[in-house]
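# Structural characterization, general
Okay, here's what each chain looks like letter by letter:
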Amino acid sequence: MKLIQKLESSFYIQLFTLIIIALIFYWPSLLGGTIFIDDDGFIFKSAPMIESNNPLHFWDRSTSYARSWPLSYTIFWLIYQFAKTHYWIYKLINLCLHIFNALLITKVFKKLATNRQLMLAALIYLIHPIQIETVSWIFQLKTILATTFFLLSYQVFQLFLERRNIFIYTGALYLYLFSLLSIVSAVLLPVLILYETLKKFHYKSYLPWVIVLPFFLLSFRIGFDSSEAVSKLHLDERLSIDFNKEVKPKSPAIHEETEKKKTAPLIKTVEKKIKIAFTNLSYYLSHFFFPVKLSIVQEDVTKTNLANITSWIFCACLLLFILLNYFILKIEITTELYLFIFFLLSILPILGFVHIPFMNFSLVADHWIYLGMAPFCLLTVILFERINKSYKILITVFFVVFWSYQSLTYIHVFNHRYKLLERVITMSPHDYRFPMELATTLLKDKKLPQAQKVIEAALEKPPLKNNMTLLLQGGYIDRQLGDKQKLSKKIFQIGMIYIKNNEFEKATLMLEQLKEVSSDKNLISSLENSLKK
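Notes on the structure follow. (Residues numbered from 1 in each chain as written. Predicted model: local features only at pLDDT ≥ 70, side-chain atom pairs only at ≥ 80, totals over all residues. Heavy atoms only, no water.)

### Describing the packing of helix H9 (residues 141-163) against helix H10 (residues 166-182)
For the record, the criterion: Note on method: axes are straight lines fitted to C-alpha atoms, helices fitted across the in-contact stretch only, with angles between N-to-C directions ranging 0 to 180 degrees. Numbering goes from the N terminus for both helices and strands, where a helix is a DSSP run of H or I of at least four residues and a strand is a run of E of at least two. Convention used here: angles under 35 degrees read as roughly parallel, angles over 145 as roughly antiparallel, angles from 65 to 115 as roughly perpendicular, and any remaining angle as oblique. With the far helix as reference, a near helix turned anticlockwise by less than a right angle produces a left-handed crossing, and one turned clockwise produces a right-handed crossing. Whether two residues are in contact is decided by their heavy atoms: any pair within 4.5 Å suffices.
For the pair H9 and H10, the least separation of the axes is 8 Å and the interaxial angle reads 165 degrees. One way to sum up the angle between H9 and H10 is to call them roughly antiparallel. Taken as a pair, H9 and H10 cross one another with a handedness that is left-handed. Taken together, the residues of H10 that come into contact with H9 (itself represented by Lys142, Leu145, Ala146, Phe149, Phe150, Leu152, Ser153, Val156, Phe157, Leu159, Phe160 and Arg163) are Ile168, Tyr169, Gly171, Ala172, Leu175, Tyr176, Phe178, Ser179 and Ser182.

### Some remarks on the pattern of salt bridges
Note the threshold: Basic side-chain nitrogens of Lys or Arg form a salt bridge, by our definition, when they fall within 4 Å of a carboxyl oxygen of Asp or Glu. A simple rule labels every residue: compare its accessible area, found with a 1.4 Å probe on the protein chains alone, to the largest value its type can have, and call it buried under 20%, exposed over 50%, or partly exposed in between.
Applying the stated criterion to the full structure yields nine salt bridges. Note that Asp431 and Arg433 form a salt bridge whose closest N and O atoms lie 2.8 Å from each other. You can call Arg433 buried: its relative accessible area is 11%. In the salt-bridge network here, residues are joined through shared partners; they are Glu456, Asp478 and Lys490.

### Things to note about unusual backbone geometry
The backbone of Lys446 sits at a positive phi, close to 60 degrees, despite the residue not being glycine. By the secondary structure assignment, Lys446 is in the loop between helix H20 (433-444) and helix H21 (448-459). Overall, the relative accessible area of 73% leaves Lys446 in the exposed class. Within the chain, Asn502 stands out as a residue other than glycine whose phi angle is a positive 60 degrees. By the secondary structure assignment, Asn502 is in the loop between helix H23 (484-500) and helix H24 (504-517).

### Looking at the packing of aromatic side chains
For clarity, the threshold we go by: Classification of ring pairs uses Phe, Tyr and Trp, with its six-membered ring standing for Trp, and accepts pairs whose centres are within 6.5 Å; under 30 degrees between planes counts as stacked, over 60 as edge-to-face, and the remaining range as tilted. Two conditions define a charge sitting above a ring: the NZ of Lys or the CZ of Arg must be within 6 Å of the ring centre, and it must be within 35 degrees of the ring normal.
This structure, assessed with the given rule, holds 40 aromatic pairs. Consider the rings of Tyr195 and Tyr338, whose centres lie 5.6 Å apart with planes at 40 degrees: the pair is tilted. Here Tyr195, found in helix H11 (residues 190-200), pairs with Tyr338, found in helix H16 (residues 335-347); they are 143 residues apart in sequence, far enough to count as distant. Exposure class is identical for Tyr195 and Tyr338. Each is buried. Grouped by ring-pair contacts, the aromatic residues Phe288, Phe289, Phe290, Phe340, Phe343, Phe376, Phe384, Phe398, Phe399, Phe402 and Trp403 constitute a single cluster. Lys142 extends its terminal NZ or CZ atom over the ring of Trp69, reaching a point 4.8 Å from the ring centre.

### Considering a nonpolar patch on the surface
For the record, the criterion: Patch membership requires more than 30% relative accessible area and the absence of a salt bridge. Residues of like charge join within 9 Å; the nonpolar side chains Val, Leu, Ile, Met, Phe, Trp and Tyr join within 5 Å. For the area figures, the Shrake-Rupley method with a 1.4 Å probe applies, and any residue is considered shielded solely by the protein chains shown.
A cluster of nonpolar side chains, Ile19, Leu23, Trp27 and Leu31, forms an exposed patch at the surface whose accessible area comes to about 370 Å². If you trace the backbone, Ile19 turns up in helix H2 (residues 11-32).

### Section: the nonpolar core
Our working rule: Take the buried Ala, Val, Leu, Ile, Met, Phe, Trp, Tyr and Cys residues and link them wherever side-chain atoms come within 4.5 Å; each set so joined is a nonpolar core.
Judged by nonpolar contacts, the single largest core of 164 residues is most densely connected at Leu18, Ile43, Phe109, Phe157 and Phe215. Ranked by residues supplied to this core, first place goes to H9 with eleven residues. With residues near it in sequence (within four places) discarded, Phe157 still touches Tyr169, Ala172, Ile193, Thr197, Ile211 and Phe215.

Written out as structure tokens, the structure is:
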């Protein structure tokens, strides 16, 4: 009993406990040394990151870096100067900050819960399966940093409300600025700061609004800049008709303005935005308790769950209840309600209703709710405390075992590039980039037959059968393997695509290549006849 009390109250014992548990769960991540899609595009193959001697390059407003996450890029640049491609160093930094964030939960929410509840929330936050992606993915340092800076800002601002010191206030404002410049996860959270300020001052006084105004101005300015920059995915789609040359998959990184631009599809109608927002919210809530489909890319929930009217009604009633309680009836917000509002404000920008655009991959992602996990873990613990004692132990044991098993399983998959990409392909079967990524990885490891199988499987899917990038990569692999039959089919297919697009010069070039590698006269004559027409 004394040991439990020490664990609840001693800072150093809490820190030691969190470190030991984190190492048990995340050790495979440090050993894996695996990098993923954005890691190359933003860091390890990014010219400004590798070649630039000036970290201020990322603050140049003529580039999209300064309009998205300039502080994160600068920190990556600083780490790269000494770590280079020692991937474990980046992952160790992610893990250390993640442990620090878990510890911050016990400090930031100290007035809302007991020491035991705070420590349990910190442990859930530390090892929950949803957190694996953020901590193990190098590029998600930006997400972890943004959370660290906001939680520190929130803690320092609470200290300002107690001491009314201008220097403390300035520190809180700067920390919030650093959070937004890392990534705009906390773009809506000045609302919470306003609530805390209104509690301390008279509601009819103008002073609380003056105090919080700089936070809102920063949020609006940087949030707008970031949404404009991130909405443009600069994908270089240049293709080659040289089958002797491997086609490299392009990372969805934000490159320089000179590259070809591709804008992520934006959801325009209000009705659809509301549907997607409620659907995504219900997804995140269910995914927290039962994270069974863990992947860096999730299936499109709008296709599988958009008709879930129950979740929309639940969410709408909950929001109306909050508004009715506080703004109309002036009923004091309870701890549970406060934590849920914190959670909602953290994830609202990525639910689909607010103009923070989605990437081209999916409408939901585990790392998007990293900040929102902090209040929601504590909310879960508090609600669990109210369960009948006869069921509490059974339910607690179930979730501890289930979440631990899912985390330990996923972190091994996440650090195995082949397995992770195979899982992503299953989740997003109509996106050509992931088969390309897997095929390229297999090529680097000189596993040509396996790479060929990946490309062939992708080309069998109707939406991808005429994908030029996959055909070119497949043609390169076929040539390397000496598989003239499959190479001939791909050359013929590419020729027909060029004819359909009225690119007759390229189609003629394909015909010449087909004559060189194929002895199938029917195939050659079919392409010739199509070209003549």
